Structures are given as C-alpha cells and as structure tokens.
Amino acid sequence: MTLPIAAGLVFAGYLALSLSMNRHYRQVFDRTLPATLAFCFRILGWSGLLLALTACVVSSGWGAGLLLWLGLLSALGLISVLLLAFR
Amino acid sequence: MSKGAPGLRETAPKKRPQGGFRQAMAWLHTWAGLALGWLLFLIFLTGTAGYFDTEIDRWMQPELPPAQTHLNASNTADLLLRRLATDAPGAERWFLRLPDDRNQPYPGIFWQGASVEAGARAARGSLTLNGETGDMFQARDTGGGQLLYQLHWRLHYLTRTQADVIVGFATLFMLVALISGVIIHKKIFKDFFTFRPRKGQRSWLDAHNVLSVLALPFHLMITYSGLVFMAFSYMPLVVAAHYGFGDDARSQFFAEAFDPPGIEEAANETAPLVALDPLIAKAEKAWGSGRVRNIDIRHPGDRNARILLYESTNTSVSRTAGLMVFDGVSGELLHRVAPELSTSRGVRDLFVGLHEGLFAGPWLRWLYFISGLMGTGMIATGLLLWAVKRRQRAEKATGVENPGLRLVEKLNVGTLVGLPVAIAAYFWANRLLPAGLEARAAWEMHSLFITWAAMLLYGTLRPTKRAWVEQLTVAALAFALLPLLNALTTDRHLGASLSEGDLILAGFDMVMLAMGIAWAAAAWYLHCRWSPVPADQNATRSWVKPFAPARSAK
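This report concerns the structure included in the present document. The shown structure was predicted, so the numbers you read here are calculated from the model rather than taken from an experiment.

1. What to know about the environment of B:Trp27
Residue and element names in this part refer to chain B. Examined against the element boundaries, Trp-27 turns out to sit in helix α2 (residues 21–49). A residue is classified by how much of its surface remains accessible, and Trp-27, at 28% relative accessible area, is partly exposed. For the pair Trp-27 and Ile-184, spaced 157 residues apart in sequence, the C-alpha separation works out to 9.8 Å.

The structure is reproduced here in structure tokens:
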C-alpha cells in the first residue's frame with residue numbers, strides 16, 4: 001500500500017516542481033509564472049518528494065526504502081518529462 | 001552537453017581539446033562514449049534482462065512447474081540428502097539448495113569428489129529436482145536467463161580473464177563518461193524536465209540528458225559496483241602487498257577472506273552423518289521459518305564432517321547472510337558467523353548486493369529493470385547523437401562523405417536494433433531448436449550472435465534510413481510474435497498461463513508483446529517521417545503522418 005502512496009507523492013511533487021519553472025508553466029498555462037506561485041510550487045514539490053521518501057523509509061527501512069524512492073524518482077521522472085513534451 | 005546549438009561545435013572531430021576544463025571534459029565524454037558505446041550497450045541491455053533472469057529461465061523451460069518455494073525445509077533437505085546418498089556416494093562435498101524465493105525456485109543438489117567406483121553418477125555434478133516427487137525434471141536443455149545475463153560480464157566466447165579485462169575497461173570508461181557528462185551538463189536542474197521532440201539534434205541531446213540525469217543514481221551505482229566486482233582482478237597489488245605474489249598467495253587470501261571458519265581436512269575415519277532436522281530447526285529459530293537457503297556438507301560420512309547452513313540473502317540490500325557451522329557427527333554448533341565480518345567486507349557486500357538486486361521484491365525489481373532500460377537508452381541516444389550531429393554537419397558542408405560517420409551509423413543500426421533482435425532470436429531458438437540437438441544450449445547462444453552478425457551485415461548492405469525502418473520492423477515482428485510461437489510450440493500459451501494465474505509465464509509473453517508494439521511504433525514513425533513525398537501529392541501527406549507537426553517554438 002505504501003508504494004502507490006509514495007508513487008503518487010513523487011509524481012505530484014514532480015508536477016509541482018516542473019510548474020515552478022517558467023518554461024514548463026508557460027507550456028501548460030501559456031502565461032508567465034508569478035514569483036510567489038513559483039515559490040509555492042517549489043515548496044509543494046520538495047515536500048512531495050520528501051514525504052515520499054519518508055513513506056518509503058518507514059515502510060521498507062533505509063536500504064530498500066531509499067532504493068525504492070530513487071527508483072520511483074527515475075521512472076516517474078520519465079513519465080513527467082513525456083507528459084510535458086506530448087501534453 | 002546542453003550548451004545550446006552553437007556551443008556544441010566545441011566537440012568537433014579531429015579538434016584537440018583547446019582551453020577550458022569543460023571543453024576537455026566534453027571531448028573526453030564524446031570519444032570515451034563512442035569508443036566503448038556499443039559494448040556498453042550490450043552490457044547494459046543483457047544486464048538489465050538479468051533482473052528477470054529466473055523468470056526468463058522459467059519461460060525457456062516451460063516444462064517446469066511454478067516455483068516450489070512453499071516446501072518445508074526439513075522435508076526437502078531429507079529428500080535431497082537421500083538423492084545425494086544414491087547419486088554421489090563418497091563425495092568430498094554435498095551441497096543442498098532449498099527453494100526460498102525467486103532466486104532459487106527449485107530444490108537442487110551439487111556434489112564434488114564423489115567416488116564413481118562406489119556407484120556415483122560422476123565425480124562432480126549438479127541436479128535440479130522436483131521437490132514434490134524427488135525426481136529429476138525432464139526439461140529442454142537451455143542456457144536460459146542465466147546464460148543471457150552472464151553475457152553482460154562473461155561475453156560468452158571469451159575466457160574469464162579476457163572478459164574481465166575488456167568488461168572492466170569498459171566499466172571504467174562508463175564511469176569516466178558519467179562523471180565527465182555531469183561536468184559538461186551545465187543545467188542539470190534547469191533542464192531536468194526538458195524534452196523538445198521533433199527538433200533533430202536538439203531532441204536527441206534532450207533525450208540523452210533526460211535518460212542520464214533522471215536515473216543518474218542508478219547509473220553511478222551500477223557502474224561503480226560493477227568495478228567493485230572486479231576489484232581483485234584490477235587491483236591485485238593490494239592483495240599481493242599482504243600475501244605475496246603467485247597463485248598460492250592468492251588462494252590463501254581468498255580462503256581467508258571468503259572461506260567459512262572451522263573446516264577441517266578429512267580424517268579418513270567413517271562416522272555417520274548427523275540428522276539435518278535439528279540443525280535446520282536451530283537455524284530457523286534464529287533466522288525465521290523458511291530462511292535456510294543452502295546446506296553445505298563437507299566430508300559427509302567422515303569423522304571431521306562439517307555442516308554449514310546459510311541464511312537467505314533476500315531481506316537486506318547487502319549481499320550478506322548469516323552462517324552456522326555444525327559438527328557433522330555430533331551436531332554441535334561450532335561457529336555462528338554474523339552477516340557482517342568487517343567494514344571493508346560489509347562495503348563490498350553492500351555494493352555487490354546493490355548491483356545484483358537479489359533482495360528486490362517485484363516492485364523494486366521492476367524499478368531496477370526500468371532504470372536499467374534508461375541506462376541502455378542513455379547509451380543508445382548518446383551513440384545516435386554523435387551520428388546525428390555529424391550527419392547534419394556533413395550535409396551542410398556538402399563535402400565528401402565521412403567514412404567514420406558511415407561506420408558509426410552502420411554500427412548503430414546493426415547494434416541498437418540488431419542486438420535486441422538477436423536477443424529475440426535467442427528466445428526463438430529456444431522454442432525452435434529440436435529437443436535432442438547436441439549442445440542445444442550453446443546453439444541458442446550461437447543463434448543470438450549469428451542474428452546480430454546478420455543484422456550488422458544487413459545494415460551495411462542497405463541505405464541507412466531503409467535499414468532503420470526495416471530492422472525496426474523485424475524487431476517488432478520478432479518480439480510481438482513470440483507469444484504466438486510459444487502458443488504453437490508449447491501448451492503454456494498466454495490464455496492458459498493467465499487462467500492459471502501463472503504470472504511469470506504470462507508476464508514474459510505480455511512484456512514481449514509490449515516490446516513488439518513499441519518497436520512497431522518506432523518503425524511506423526520513422527517510415528512516415530522518411531517516406532519520400534511525391535510533389536503532386538503533398539495534400540495526402542498529413543494523414544500519413546501519425547504525429548502532429550512540430551508545435552511552434554516557445
């Protein structure tokens with residue numbers, strides 16, 4: 001059960017982080033990113049990734065949990081990139 | 001590598017690295033990557049397949065039942081011991097494998113130094129047995145997923161030493177390419193999510209960057225730990241400094257570093273072997289039920305017999321496990337070795353464990369597999385980028401065609417598509433070679449290399465673009481038709497395995513089908529992009545193109 005939660009957190013975190021960059025915000029919303037919004041997205045994004053790390057480590061321990069988290073970062077990163085490119 | 005189009009010219013061929021650390025690193029990255037790229041592609045691709053080695057084993061021996069990990073350890077050990085007593089009397093060593101997880105799905109035995117006069121099958125041998133009946137499995141001879149994954153460090157036709165030297169060298173260059181790649185990539189975070197499709201060279205560079213950066217922890221881990229495997233071959237002087245030179249010194253080091261404690265020479269006095277049940281019970285009490293993986297009996301039937309019980313390695317990332325050494329006659333526990341002996345041994349076991357991923361459950365295993373594919377894709381896009389960049393330049397210059405560029409293009413199509421096709425051919429050979437063929441397993445692997453050679457040759461005979469489309473089509477058919485071939489040649493077709501809930505066989509068929517579809521999509525995309533458009537039929541072009549034309553740049 002931890003895995004879908006962690007995966008969701010990583011994915012949401014990645015989307016927020018990508019939207020905190022002007023280039024990708026414009027891709028999605030077609031206007032310039034306000035600075036305060038960028039800050040919020042960044043905080044949200046990093047908290048998503050860190051919460052996911054916590055979930056992985058709590059459920060699987062440091063060794064396997066860290067690996068699970070890194071694996072999710074790689075796989076879901078690829079999906080985020082493709083989503084942004086072919087949205 | 002992401003410097004924008006003008007900056008990329010800094011790595012022009014035949015140009016010495018001139019000024020600037022970053023330029024020197026770009027030069028190093030380009031040429032180290034190119035020189036060993038195809039070999040590294042083979043290493044990454046077959047190594048990635050290795051994360052599903054026992055699953056591939058299963059598909060390649062469809063006669064076998066599902067994994068027998070549910071069996072009781074004591075019963076299985078008794079069964080194996082009886083088999084060893086009849087098949088390998090008088091042996092110096094009996095080894096019992098108990099099925100504990102996906103890494104060891106069936107019971108098995110292995111023996112050394114048995115006496116043929118006393119009725120042994122052979123002086124040494126190994127068998128996989130059906131844990132339900134105690135009989136030998138009747139299955140086709142195959143190299144299976146094991147031989148396929150061993151390809152990534154044994155290179156099959158070479159000796160161990162030759163392969164070690166070549167693979168070690170390639171691994172070292174992989175590490176160099178990774179580190180220099182990080183140095184020359186100025187905008188790791190800024191370009192983290194950036195992939196701009198349909199922009200030629202720019203798109204290849206984006207793809208290369210994305211595949212490299214997103215799985216960078218995996219790439220670094222797998223490359224560095226790959227070197228750790230070969231530390232003893234590559235840094236023999238560290239051992240020599242303490243143990244001296246020569247084979248004897250090396251054997252002494254390996255014995256001290258890796259041999260279990262408390263082993264004695266045979267006394268040549270017979271004494272009955274103690275029953276295994278109480279020893280297994282003792283070990284299971286310490287480690288948990290079903291966690292005895294291997295039982296190693298030295299000098300069975302001798303007064304100095306020793307029985308070693310090894311714990312499963314599947315709970316911790318590090319490839320360490322507990323060990324108990326018992327007296328083989330009295331059953332007394334002589335030594336209990338904790339998983340970690342020393343820091344350096346612990347670090348080695350951690351890296352080896354990380355590399356092999358034997359501990360990984362299904363989800364983590366898939367993530368390992370995806371990361372491995374991303375590494376394979378990183379190498380492939382790097383090689384393609386080299387060629388695309390120079391092809392664009394050559395077309396602009398309209399000069400004579402560069403033979404080096406042509407060679408790289410031919411090797412690219414013949415390897416980046418040809419090798420996957422060759423791996424599919426390995427699976428086809430498994431189903432099509434006659435069951436009684438002499439050296440059948442070897443011929444499966446020959447089929448892989450013959451197919452690869454044929455694909456390389458085919459690439460040189462066709463215009464490069466035609467070769468890409470045609471070979472991608474071959475790849476699509478080779479993978480997508482594997483489930484059909486399986487259905488025609490065995491009774492374990494996809495419908496049967498799905499209805500029986502046999503996820504391993506069904507999973508293999510479905511992954512092959514998915515890969516076939518992916519290859520077909522690539523073939524179709526390139527076919528549409530590159531098909532010549534007659535001047536008077538421009539209007540019909542839009543329906544041929546499966547993808548919308550490039551969006552306006554932002």
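2. A short note on the interface of chain B and chain A
Taken residue by residue, the interface counts 26 residues in chain B and 26 residues in chain A. Buried area between chain B and chain A, both sides added, is near 2,200 Å², and the carbon and sulfur share of it is 74%. For the pair chain B and chain A, the number of links is 1 salt bridge. Here B:Asp191 ties to A:Arg23 by a salt bridge, and the two come within 3.0 Å at their closest N and O atoms. At the boundary of chain B and chain A, one finds 3 residue pairs in polar contact (both at pLDDT 80 or more). Mapped by element, the contributors of at least two residues to the side of chain B that touches chain A are α7 (201–214) and α14 (362–397) of chain B. If you tally residues by element for the side of chain B that touches chain A, the top one is α14(B), at 7 residues. Grouping the constituent residues of the side of chain B that touches chain A by class yields 19 nonpolar, 2 polar and 5 charged.

3. Quick word on the sheet that holds strand β3 (residues 125–128) of chain B
Residues and elements named next belong to chain B. One open sheet holds the 7 strands; their spatial order is β3-β2-β1-β4-β5-β6-β7, and the pairing between them is antiparallel. The open sheet terminates on both sides in strands that have one partner only, identified here as β3 and β7 (333–337). If you compare each strand with its neighbour and ignore which way they point, the axes differ by 15° on average. Note: strand β4 (residues 292–298) against strand β5 (residues 306–311), 6 bridges, orientation antiparallel. Within β5, the residue paired with Arg-298 across the bridge is Arg-306. The strands touched by helix α4 (residues 73–87) within the sheet are β1 (93–97), β2 (108–112), β3 and β4, with β1 carrying the most contacts at an inclination of about 145°.

Parameters at a glance
- Residues numbered from 1 in each chain as written.
- Chains lettered and ligands numbered in written order.
- Predicted model: local features only at pLDDT ≥ 70, side-chain atom pairs only at ≥ 80, totals over all residues.
- Heavy atoms only, no water.
- Helix = DSSP H or I, 4+ residues; strand = E, 2+ residues; numbered from the N terminus.
- Buried < 20%, exposed > 50% of the residue type's maximum accessible area, 1.4 Å probe, protein only.
- Contact = heavy atoms within 4.5 Å.
- Buried area = accessible area lost by both parts, 1.4 Å probe.
- Salt bridge = Lys/Arg side-chain N within 4 Å of Asp/Glu carboxyl O.
- Polar contact = N/O pair within 3.5 Å; in protein donor to acceptor, adjacent residues only side chain to side chain.
- Nonpolar A, V, L, I, M, F, W, Y, C, P; charged D, E, K, R; others polar.
- Pairing = 2+ DSSP bridges.
- Axes fitted to C-alpha atoms, helices over the stretch in contact; angles between N-to-C directions.

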